[in-house]
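Below are the chains, spelled out letter by letter.
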Amino acid sequence: MPAIIRGYGAFMKASPATIGLGVTMTIGYGTLYYSFSVLAPEIAREFGWGQSFVFGVFSFGLLAGAVAAPVLGRLVDRYGARLILCLGSVAAALSLALFSVMENAWQFAAITLVAEFIALAVQYDAGFAALAQNHGREARAHITLVTLIAGFASTVFWPLLQWLLTIMTWRDIYLVMAAMNLLIALPIHLALPRARMIAPEETVREEQSTGEPVLDSERKRRMILMATAFAAGGFVMSAVGSTLLVLMRDLGYATAMATLAGSLIGPSQVAARLIEYVRRNLFSPPLTAIIAASAMALSLAILAGALVQPMAAFAIAFAIFYGAGQGLTSIVRGVLPLHYFGAVGYGRTMGTLASARIIASAIAPVSVIWLNETVGTNAALAALASMAGLAVIATLALTRERRS
């Protein structure tokens, strides 16, 4: 309770720009990511398409994001994140509006690819870059606060969209979401302070201020380890987010218990982010990364206990540890690159890391479901545990290399 009170007090003192960015990130994820699971079945039903086709298109759309990430990162570094966020809001609104007038499968596929291609411009990658450009290495608190606010995207948008479906068609809902990006997100992005672009001669000063030797080979090694950790963690989060209910059912849990476990992930995620926000001075970014990766690995080890006996304690403990790990991982994605590489070229760094993570996230659901159906739930859990373990190993190697 004291931590919550301190967190609330810190929130009230937070920068309006940071709070506003948290709101726009909520809209970005709610309209371009979480909306799909609610509206895609409605679209498939109207056109008579199979669910596999609809969600297959979405997976390809996510892969388009992997292509967009490095390009977006370079544009952010060159023109500033504020401009990219503004253009992203306009492009997001246009793509969502196009959904409302589509008439066939080819149009649906094309619009989905475009929407997911531009999604990163209104989600964490561009948002974190804006904070890094404005606050430099002091952006950690702002990044944590943005993830704390945007962590409620699914909590807000899933019930909101379900309610809207009772009073309007899915085509009308896409127009409503387009308006959110144009009338709410865009003005907030326009009001963001202009980024302090770092001049080339300042690059050396920032690199020297870190006390780290600036070597291409060292940077490459860090990038590989960080990309591995992020990709492995992204695989786990994508697979768990889309297949958890199926896996828990096949483990022998009743639907009610599986739903309860799933509902505990969100509060655990928010609680972990709130603690990180209040106690961030006690934990360095590398230590936070280790805790995040370890918590997810531990959660899957606990869930594996259900292979012996599907006890409620296993399901609840899994949800608590997994939610905490997932909540911290979103923060780590923003602060760890800033900690190791600084604000210089942050957009490009984030773009490269995001590309590997998005590819792993896109292939995760179909891979885990295939293992579950063809080999068994034990194989699916083993794959998830292996990827979580890989994330821990890569994170430990990265942080140990830093110390040495």
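Residues numbered from 1 in each chain as written. Predicted model: local features only at pLDDT ≥ 70, side-chain atom pairs only at ≥ 80, totals over all residues. Heavy atoms only, no water.

1. Examining the side chain of Thr288
Move 1: Summarising the element assignment, Thr288 is placed in helix 13 (residues 285-304).
Move 2: Thr288 sits in the buried class, given a relative accessible area of 3%.
Move 3: Other than its neighbours up to four places away in sequence, Thr288 contacts Arg140, Glu276, Phe283, Leu328 and Val332. (Helix = DSSP H or I, 4+ residues; strand = E, 2+ residues; numbered from the N terminus. Buried < 20%, exposed > 50% of the residue type's maximum accessible area, 1.4 Å probe, protein only. Contact = heavy atoms within 4.5 Å.)

2. A short note on the packing of helix 11 (residues 216-251) against helix 15 (residues 346-374)
Move 1: Contact geometry for helix 11 and helix 15: axes closest at 7 Å, N-to-C directions at 30°. Every pair of crossing elements has a handedness; the one defined by helix 11 and helix 15 is right-handed.
Move 2: A per-class count over the contact of helix 11 with helix 15 returns 17 nonpolar, nine polar and three charged. (Axes fitted to C-alpha atoms, helices over the stretch in contact; angles between N-to-C directions. Left-handed = near helix turned anticlockwise from the far one by under 90°. Nonpolar A, V, L, I, M, F, W, Y, C, P; charged D, E, K, R; others polar.)

3. Description of the environment of Trp106
Move 1: Residue placement: Trp106 occurs in helix 5 (residues 105-119).
Move 2: Take Trp106: its relative accessible area is 76%, and that puts it in the exposed class.

4. Thoughts on the packing of aromatic side chains
Move 1: This model, assessed by the stated rule, comprises 16 aromatic pairs.
Move 2: Arranged with centres 5.4 Å apart and planes meeting at 75°, the rings of Trp49 and Phe53 form a pair that is edge-to-face.
Move 3: Relative to Tyr174, the ring of Trp170 lies with its centre 6.1 Å away and its plane at 90°, an arrangement referred to as edge-to-face. Taken together, the positions of Trp170 and Tyr174, both in helix 9 (residues 170-191) and four residues apart, correspond to about one turn of that helix.
Move 4: What makes Trp170 buried here is its relative accessible area of 4%. (Phe/Tyr/Trp six-rings, centres within 6.5 Å; stacked < 30°, edge-to-face > 60°.)

5. Focus: the pattern of salt bridges
Move 1: Tallied over the full model, the rule gives seven salt bridges.
Move 2: Here Asp125 and Arg333 are joined by a salt bridge, their closest N and O atoms 3.7 Å apart. Pair noted here: Asp125 is in helix 6 (residues 124-135) and Arg333 is in helix 14 (residues 312-341), with a separation of 208 residues, a long-range link. Just as Asp125 is buried, Arg333 falls in that class too.
Move 3: Between Asp125 and Arg357 there is a salt bridge whose closest N-O contact spans 3.6 Å. Pair noted here: Asp125 is in helix 6 and Arg357 is in helix 15, with a separation of 232 residues, a long-range link. This pair shows no difference in class: Asp125 is buried, exactly as Arg357 is.
Move 4: Linked by salt bridges that have partners in common, Asp125, Arg333 and Arg357 make up one network. (Salt bridge = Lys/Arg side-chain N within 4 Å of Asp/Glu carboxyl O.)

6. Description of the nonpolar core
Move 1: In this structure, Leu21, Met226, Leu336 and Tyr346 are the most contacted members of the largest nonpolar core, which totals 50 residues.
Move 2: A total of eight residues in this core trace back to one element, the largest contributor, which is helix 14.
Move 3: Once residues within four sequence positions are removed from consideration, Tyr346 is found in contact with Asp77, Phe128, Ala129, Ala132, Ile143, Gly334, Pro337 and Leu338.
Move 4: Judged by nonpolar contacts, the second largest core, of 36 residues, contains Ile43, Trp49, Leu62 and Met180. (Core = buried A, V, L, I, M, F, W, Y, C linked by side-chain atoms within 4.5 Å.)

7. Quick notes on helix 4 (residues 81-99)
Move 1: With 19 residues, helix 4 should cover 27 Å at 1.5 Å per step; its first-to-last C-alpha distance of 27 Å lies within 8% of that length.
Move 2: Buried-residue contacts for helix 4 involve helix 2 (16-47), helix 3 (51-79), helix 5, helix 6 and helix 9. (Expected span 1.5 Å × (residues − 1).)

8. Considering the packing of helix 2 against helix 6
Move 1: At a closest axis distance of 10 Å, the pairing of helix 2 and helix 6 adopts a crossing angle of 170°. When the axis of helix 2 is compared with that of helix 6, the two are roughly antiparallel. Contacts from Thr18, Leu21, Met25 and Tyr29 of helix 2 reach helix 6 at Tyr124, Gly127, Ala130 and Leu131. (Parallel < 35°, antiparallel > 145°, perpendicular 65-115°, else oblique.)

9. Notes on empty space enclosed by the protein
Move 1: Per the stated rule, a full pass over the model turns up four cavities of 30 Å³ or more.
Move 2: Approximately 140 Å³ is the volume attributed to the largest cavity.
Move 3: Tallied by class, the residues present in the lining of the largest cavity amount to nine nonpolar, four polar and two charged.
Move 4: Its boundaries defined by the atoms lining it, the second largest cavity holds a volume of some 70 Å³.
Move 5: Residue lining of the second largest cavity: Thr31, Leu32, Ser35, Phe36, Leu96, Phe99, Thr112, Ala115, Glu116 and Tyr174, and that is the complete set.
Move 6: For the lining of the second largest cavity, the secondary structure elements donating two or more residues are helix 2, helix 4 and helix 5.
Move 7: Of the residues belonging to the lining of the second largest cavity, the class tally is six nonpolar, three polar and one charged. (1 Å grid on protein atoms, 1.4 Å probe; cavity = no way out; pocket = protein on both sides within 12 Å on 5 of 7 lines; lining within 4 Å. Points joined across faces, edges and corners; volume = space filled by probe spheres on them.)

10. Observations regarding the environment of Phe53
Move 1: Take Phe53: it is sitting in helix 3.
Move 2: As a C-alpha pair, Phe53 and Met168 span 115 residues in sequence and 25 Å in three-dimensional space.
Move 3: Leave out the neighbours within four places in its chain, and Phe53 touches Ala105 and Phe108.

11. Structural notes on the confidence of the model for the protein chain
Move 1: The predicted model of the protein chain has a mean per-residue pLDDT of 84, with 90% of residues at 70 or higher.
Move 2: Confidence over residues 7-12 falls short of pLDDT 50; this stretch has eight contacts with residues more than four positions distant or in other chains.
Move 3: Counting contacts from residues 199-214, a segment whose pLDDT is below 50, to residues more than four positions away or on other chains yields 16 contacts. (pLDDT = per-residue confidence, 0-100.)

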